[in-house]
Amino acid sequence: MKINITKETFLEGIQIVSAGTSARTTLPILHNFLLEAKDNKLKLVRTDMEMATVHYVNAEVEEEGSITVPMKEFSDIIKNLPNDKEINLYSDENNKFHIKSGKSKFWVIGTPKSEYPAIPEIEKNNSVSMDPMELKNMVEKTAFSASTQETRYILNGLLWNNTADKFEIVATDGGRLALATHPALEGSQEFKIIIPTKILSEVCRFIAIAKPEKDTRITVNVSSNQVSFCMNETTFISRLIEGNFPNYNQVIPTKKNMGFEVFTKDLLASTRRSALCSGEFGATVKYKVENNAIVVTSNSQNMEFVDELPIEYTQDPFEAAFNPAFIIDVLKNVSAEKVSFSFVNASQPVLIEPVGDTTFKYVIMPVRA
């Protein structure tokens with residue numbers, strides 16, 4: 001293989017394929033990534049056996065070929081090459097990969113493509129396309145509610161439920177739930193799959209970097225055991241999580257016996273202050289609602305906090321306590337100026353909704369104060 005490429009183009013491609021995969025592995029080959037040159041394109045591939053990223057960049061290909069090289073060492077070399085010089089790359093018969101830029105020369109030992117794990121073919125029997133910014137918004141405003149505990153594997157992903165009526169993304173860790181709703185995705189079969197949070201985070205990161213134009217679409221291909229996301233020159237592939245996701249509709253309160261609206265930024269700021277005094281373990285913040293006000297309190301062994309915010313509320317007084325981190329996560333991800341809190345009673349989960357936006361719903365279990 002022999003190619004010429006600019007540092008900016010090459011570095012951008014390396015960054016895209018390097019971020020999402022895990023460095024923790026007992027297989028030495030997974031510390032490498034694959035480079036494959038053909039038709040004036042350089043294909044970059046990285047996998048950790050759970051997910052894979054494939055990205056194409058433009059390059060002058062003098063001789064087609066392929067090789068895998070260590071990701072960390074190779075990317076460190078490219079980062080430190082001169083910015084204004086073209087990079088010349090070629091591999092020899094001993095799997096040495098030579099790097100030249102200006103007067104600087106390196107080589108690293110690579111391995112043949114045949115030793116690298118094969119990337120599964122993308123099945124396109126059930127494909128949908130979305131506005132990438134809409135997808136990013138739905139994922140980012142729900143993913144924080146997914147579990148991070150490895151023992152709760154089913155909850156380490158987001159449920160994607162596409163029916164004839166609507167498309168939903170759901171995340172829960174057992175103590176809270178986030179739901180995003182979108183009109184049904186056109187031209188697709190109905191599906192219900194659980195996608196690992198890790199790949200969705202990488203897709204969102206990539207969308208943010210790519211800054212897609214208004215008419216750009218991201219294609220999602222769904223099969224029985226994998227999902228892929230394709231946009232422009234980049235593809236993400238991941239295994240699905242197998243199992244039964246909890247019945248989230250049973251968790252969402254349908255009755256609203258008590259409730260109030262409050263300015264999002266005000267309650268966020270008050271809850272953040274309250275969290276400072278809530279203690280490290282079993283942190284709790286209390287919200288007491290009465291006489292057109294919400295009183296926010298917390299205390300620990302050495303500290304205490306009290307704050308009051310005006311609201312419109314004239315029903316019977318009540319008090320509920322929550323994990324402040326759960327409330328903060330919701331409020332900092334809500335775009336609306338105000339949010340509504342709805343209760344069946346003080347001991348039941350609260351339903352939080354952005355005022356004027358029916359796209360998102362959040363449910364949080366109360367804690368015993």
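Preceding block: the structure.
As a starting point, this report considers the structure included with it. All values derive from a computational prediction rather than experimental measurement. (Residues numbered from 1 in each chain as written. Predicted model: local features only at pLDDT ≥ 70, side-chain atom pairs only at ≥ 80, totals over all residues. Heavy atoms only, no water.)

## Quick look at the packing of helix H1 (residues 7–18) against helix H2 (residues 71–79)
Consideration 1: At a minimum axis separation of 10 Å, H1 and H2 run at an interaxial angle of 150°. Between H1 and H2, the angle is such that the two are roughly antiparallel. When you trace H1 past H2, the crossing you get is left-handed. Touching Lys 7, Phe 10, Leu 11, Ile 14, Val 17 and Ser 18 of H1 are Met 71, Phe 74, Ser 75, Ile 78 and Lys 79, all from H2. (Axes fitted to C-alpha atoms, helices over the stretch in contact; angles between N-to-C directions. Helix = DSSP H or I, 4+ residues; strand = E, 2+ residues; numbered from the N terminus. Parallel < 35°, antiparallel > 145°, perpendicular 65-115°, else oblique. Left-handed = near helix turned anticlockwise from the far one by under 90°. Contact = heavy atoms within 4.5 Å.)

## Concerning the packing of helix H5 (residues 264–275) against helix H6 (residues 324–333)
Consideration 1: Relative to each other, H5 and H6 sit at 150°, their axes nearing to 9 Å. Overall, the two elements H5 and H6 adopt an arrangement that is roughly antiparallel. Where H5 crosses over H6, the handedness of that crossing is left-handed. When H5 is examined against H6, the residues Thr 264, Leu 267, Leu 268, Thr 271, Arg 272 and Ala 275 are found in contact with a partner set consisting of Pro 324, Ile 327, Ile 328, Leu 331 and Lys 332.
Consideration 2: Each residue belonging to the contact of H5 with H6 can be placed in one class, and the counts come to seven nonpolar, two polar and two charged. (Nonpolar A, V, L, I, M, F, W, Y, C, P; charged D, E, K, R; others polar.)

## Structural notes on the sheet that holds strand S14 (residues 191–196)
Across a sheet, paired strands are connected by hydrogen bonds in the backbone, their directions being either parallel or antiparallel.
Consideration 1: If you walk across this open sheet you meet the eight strands as S14-S11-S12-S13-S25-S24-S23-S18, and the pairing is antiparallel. The two strands at the open ends of the sheet, each matched to only one other strand, are S14 and strand S18 (258–263). Put simply, the sheet's adjacent strands are angled 20° from each other on average, direction ignored.
Consideration 2: Looking at chain direction, strand S23 (residues 338–343) and strand S24 (residues 350–354) are connected through four bridges and run antiparallel. Note on S24: the bridge partner recorded for Ser 342 is Leu 351.
Consideration 3: This element, helix H3 (residues 132–140), spans strand S11 (157–162), strand S12 (166–172), strand S13 (176–183) and strand S25 (360–364) of the sheet and lies at about 160° to S13. (Pairing = 2+ DSSP bridges.)

## Notes on the packing of aromatic side chains
Consideration 1: Going through the model one piece at a time under the given rule, you end up with twelve aromatic pairs.
Consideration 2: On the basis of an interplanar angle of 70° and a centroid distance of 5.2 Å, the ring pair of Trp 160 and Phe 167 is categorised as edge-to-face.
Consideration 3: For Trp 160, a relative accessible area of 0% puts it in the buried group.
Consideration 4: Centre to centre, the rings of Phe 322 and Phe 343 are 6.4 Å apart; their planes meet at 45°, and the pair counts as tilted. Of the two residues, Phe 322 sits in strand S22 (residues 318–322) while Phe 343 sits in strand S23, which places them 21 residues apart along the sequence.
Consideration 5: In this structure Phe 343 comes out as buried when scored by relative accessible area, which is 2%.
Consideration 6: One aromatic cluster is present, formed by Tyr 287, Tyr 313, Phe 318, Phe 322 and Phe 343 through successive ring pairs.
Consideration 7: Just above the ring of Trp 107 sits the side chain of Lys 96; from NZ or CZ to the centre is 4.1 Å.
Consideration 8: The positively charged end of Lys 338 is found above the aromatic ring belonging to Phe 263, 4.9 Å away from the centroid. (Phe/Tyr/Trp six-rings, centres within 6.5 Å; stacked < 30°, edge-to-face > 60°. Buried < 20%, exposed > 50% of the residue type's maximum accessible area, 1.4 Å probe, protein only. Lys NZ or Arg CZ within 6 Å of the ring centre and 35° of its normal.)

## Considering the nonpolar core
Consideration 1: By size, the foremost hydrophobic cluster in this structure holds 68 residues, and its most contacted members are Leu 135, Trp 160, Phe 229, Phe 260 and Phe 341.
Consideration 2: Here this core takes six residues from helix H4 (residues 197–210), the largest share from any one element.
Consideration 3: Those residues within four positions of Phe 341 in sequence are excluded, and the remaining contacts are Met 258, Gly 259, Phe 260, Val 262, Leu 267, Ile 327, Val 350, Leu 351 and Ile 352.
Consideration 4: One finds Ala 37, Val 61, Leu 81 and Ile 99 within the second-largest nonpolar core, a separate group that totals 27 residues. (Core = buried A, V, L, I, M, F, W, Y, C linked by side-chain atoms within 4.5 Å.)

## Some details on the side chain of Thr 234
Consideration 1: Here Thr 234 shows up in strand S17 (residues 234–239).
Consideration 2: Polar contacts involving the side chain of Thr 234 include one to the side chain of His 55, which spans 2.6 Å.
Consideration 3: With sequence-adjacent residues up to four places away left out, Thr 234 is seen in contact with Ile 16, Thr 53, Val 54, His 55, Phe 206 and Phe 229. (Polar contact = N/O pair within 3.5 Å; in protein donor to acceptor, adjacent residues only side chain to side chain.)

## Structural notes on the sheet that holds strand S3 (residues 41–47)
Consideration 1: Across the sheet, eight strands lie side by side as S6-S2-S3-S4-S17-S16-S15-S10; this open sheet has antiparallel pairing. Two strands in the sheet have a free side with no partner beyond their single neighbour: strand S6 (65–70) and strand S10 (127–130). Going across the sheet, the axis of each strand differs from the next one's by a mean of 15°, ignoring polarity.
Consideration 2: In the sheet, strand S2 (residues 32–38) pairs with S6 via six bridges, with the strands oriented antiparallel. Its bridge partner lying in S6, Leu 34 is registered against Thr 68.
Consideration 3: Each of S2, S3, strand S4 (51–58) and S17 touches H1; the most contacted strand, S4, lies at about 170° to it.

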